[in-house]
Amino acid sequence: MIEELFDIERYAYRDSTIHRLDARVKIIVVFATIIAMVSIPYSPVVLTVGAIFFIFFALLWALTRLSPMVYLKRAMLIIPLWGIVILFQIFLKNPYYTVYTPVVVLPFGITIYAESIQFAWILFVKFVITISFIILLSSTTKVQDMLDGGRRLGLPTEFALALGMMIRYLFVFGYMYRKIVQTLESKAFDPFDRNLPYRYRMRQIGYTIGTMFVRSYEQGERVYTSMLCRGYGRHSHLFLKKKGFKPSEWTFLVISLGFIIIIPVMAWLKQVSWF
Amino acid sequence: MHVPDAFMPIWQGAIYWIIALVFVYLSLRWAKNELNEEKLPLVAVLAAGIFALQSFNLPVSMGTSGHLVGGALVAIILGSPFAAVFILTLVLTVQGIMFGDGGITTMGANILNMGVVGGFVGFYSFKGLKAATGSMPVSAFIAAWLACVIPALCAAVELWLAGTFPLEAGLVAMGLYHAVIGVVEGVITVAAIYLIVSVRPDMVDKGVLPAKAGAVA
């Protein structure tokens, strides 16, 4: 995952209408979409709303001027893992349906039901939409901007401070991780090499992880000491410049939130099911 | 083990969020009282290190790989389950918001499973076993194994309550997979603790050190 960190930040440093939006606007819109999507009960309405939200996502992504491949590459790192769990749904019954219609009967008593296939689709659509908006947020917002946005939205100071410190050092440890991996490779050490005794491989990885733990802790100590030297203490206050929304940001926020709220409500009330 | 957004109704996600927030609040209070407020940066930087540690691919068996969770390691070394809650909350926040690993509405459940359950199970089982057996490697191994398996079982129960996966199949699948991964987590945790105790005994909670060294430290 840490290897992906540098790519994500590189995408976030590009320039586009979406990149230039205030981080708060993006956080609110993305979180609202995810909450709206998750709030819809497991029903075919999810498929309709999901399709509309995906068009909304595609429009926003087009405005980012990032290649669709960037999105696909990132999505494919996340989707397969839980995609298997979603795929398994076609063989399972769940409490959201009362009647099940067998579609395919396989040996060993395995049956695929029409309702289970529908439920798997519902889960898949919810999953893809929520993941897509997270990818949109992190690919267009610098980590520091996201943190500042979070603080301006009311993230508790202590948590924001800790999160800020962590984020800053993620990149340091990202480089450290790369170096350690390269060092191990240059010494021809492969943790998956079956020619090496398993015990030996585990011990080496354990020591590597222990070393990294010590280095992280020592880095933390150095940071703490240097912060003390600069006057950091119990009553320190991290200054954050006040910042208002531009009229265009207000417009985008209001229209997006209206859209995100109205579409699921209308679809649910009218039980619209296109699929 | 990172439950994503789609797999839980919003109201259940909200309940887990509330419970998790109580523990996050308690962990912040722990950081203030035990570490004193000024040392927050130290734990935060350590959280970044834990995030990197989780990136190491660990060989499990038959070509499969796993990753360290690290809840037990952190709780044992820093001597408090709240250390695991605090650090894993930071890690899970970054994983959920930046990488889409886990979710936003399910983040409470993930903090509860890996941070709270993992941290408490890891710490107290280590403490109990260390008192009973007197052996650090045995205690740390079992504690780390339990801290890997029990949160996975919790996730299986949560998915069942959410109606998105049957209980029996969930417990068997999650339990078996994490029982195997847990062995690797246990071995790595023991090796890491052994190294940290040898290199920087001052960094480690006194409960981990051998009786004589603990008295000296």
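Predicted model only: the values in this text are computed from it and were never measured.

Rules and cut-offs
Residues numbered from 1 in each chain as written. Chains lettered and ligands numbered in written order. Predicted model: local features only at pLDDT ≥ 70, side-chain atom pairs only at ≥ 80, totals over all residues. Helix = DSSP H or I, 4+ residues; strand = E, 2+ residues; numbered from the N terminus. Buried ≥ 20, exposed ≤ 12 C-beta atoms within 10 Å, placed from the backbone. Contact = placed C-beta atoms within 7 Å. Nonpolar A, V, L, I, M, F, W, Y, C, P; charged D, E, K, R; others polar. Domains from an automatic or database assignment. Core = buried A, V, L, I, M, F, W, Y, C linked by C-beta atoms within 7 Å.

Considerations on the overall build of chain B
So, step 1. Broken down by element type, chain B carries eight helices and two strands.
So, step 2. Put simply, chain B runs from its N terminus to its C terminus through helices and strands in the order α-α-β-β-α-α-α-α-α-α.
So, step 3. Each of the 217 residues in chain B was classed as buried or not, and the buried ones make up 60%.
So, step 4. Considering only contacts in chain B between residues 6 or more positions apart, those separated by 24 or more positions represent 69%.

Overview of the interface of chain A and chain B
So, step 1. The partner chain B presents 53 residues to the 64 residues of chain A that form the contact.
So, step 2. Residue assignment for the side of chain A that touches chain B shows that the elements contributing at least two residues are α1 (2-12), α3 (23-39), α5 (68-88), α6 (114-140), α8 (157-186) and α9 (198-229) of chain A.
So, step 3. The greatest single-element share of the side of chain A that touches chain B, amounting to 21 residues, is contributed by α9 of chain A.
So, step 4. Here the side of chain A that touches chain B is composed, by residue class, of 45 nonpolar, twelve polar and seven charged.

A few points about the domain arrangement of chain A
Residue and element names in this part refer to chain A.
So, step 1. Structurally, chain A comprises domain 1 (2-150 + 244-269) and domain 2 (156-229).
So, step 2. Using C-alpha coordinates to define each centre, domain 1 is positioned 32 Å away from domain 2.
So, step 3. If you look at the interface, domain 1 gives six residues, while domain 2 gives eight residues.
So, step 4. At the level of secondary structure, the elements contributing two or more residues to the side of domain 1 that touches domain 2 comprise α1 and α7 (143-152).
So, step 5. Tallied by class, the residues present in the side of domain 1 that touches domain 2 amount to five nonpolar, one polar and no charged.

Examining the nonpolar core
So, step 1. Among the nonpolar cores identified, the biggest contains 156 residues, and M166 of chain A together with A47, I76 and I87 of chain B are the most heavily contacted of them.
So, step 2. With 18 residues, helix α6 (residues 136-162) of chain B is the largest single contributor of residues to this core.
So, step 3. Two domains each put at least three residues into this core: domain 1 (2-150 + 244-269) and domain 2 (156-229) of chain A.
So, step 4. When neighbours within four sequence positions are excluded, I87 of chain B is seen to be in contact with V43, L46, A47, I50 and V74 of chain B.

Let's talk about α7 of chain A
All names here are of chain A.
So, step 1. Counting buried residues along α7, seven of its ten residues qualify, which places the element largely inside the surrounding structure.
So, step 2. Among all positions of α7, only V143, M146, L147, D148, G149, G150 and R151 are buried.
So, step 3. Contacts from the buried residues of α7 go to α1, α3 and α8.
So, step 4. G154 sits one or two positions beyond α7 and adopts a positive phi of about 105 degrees.

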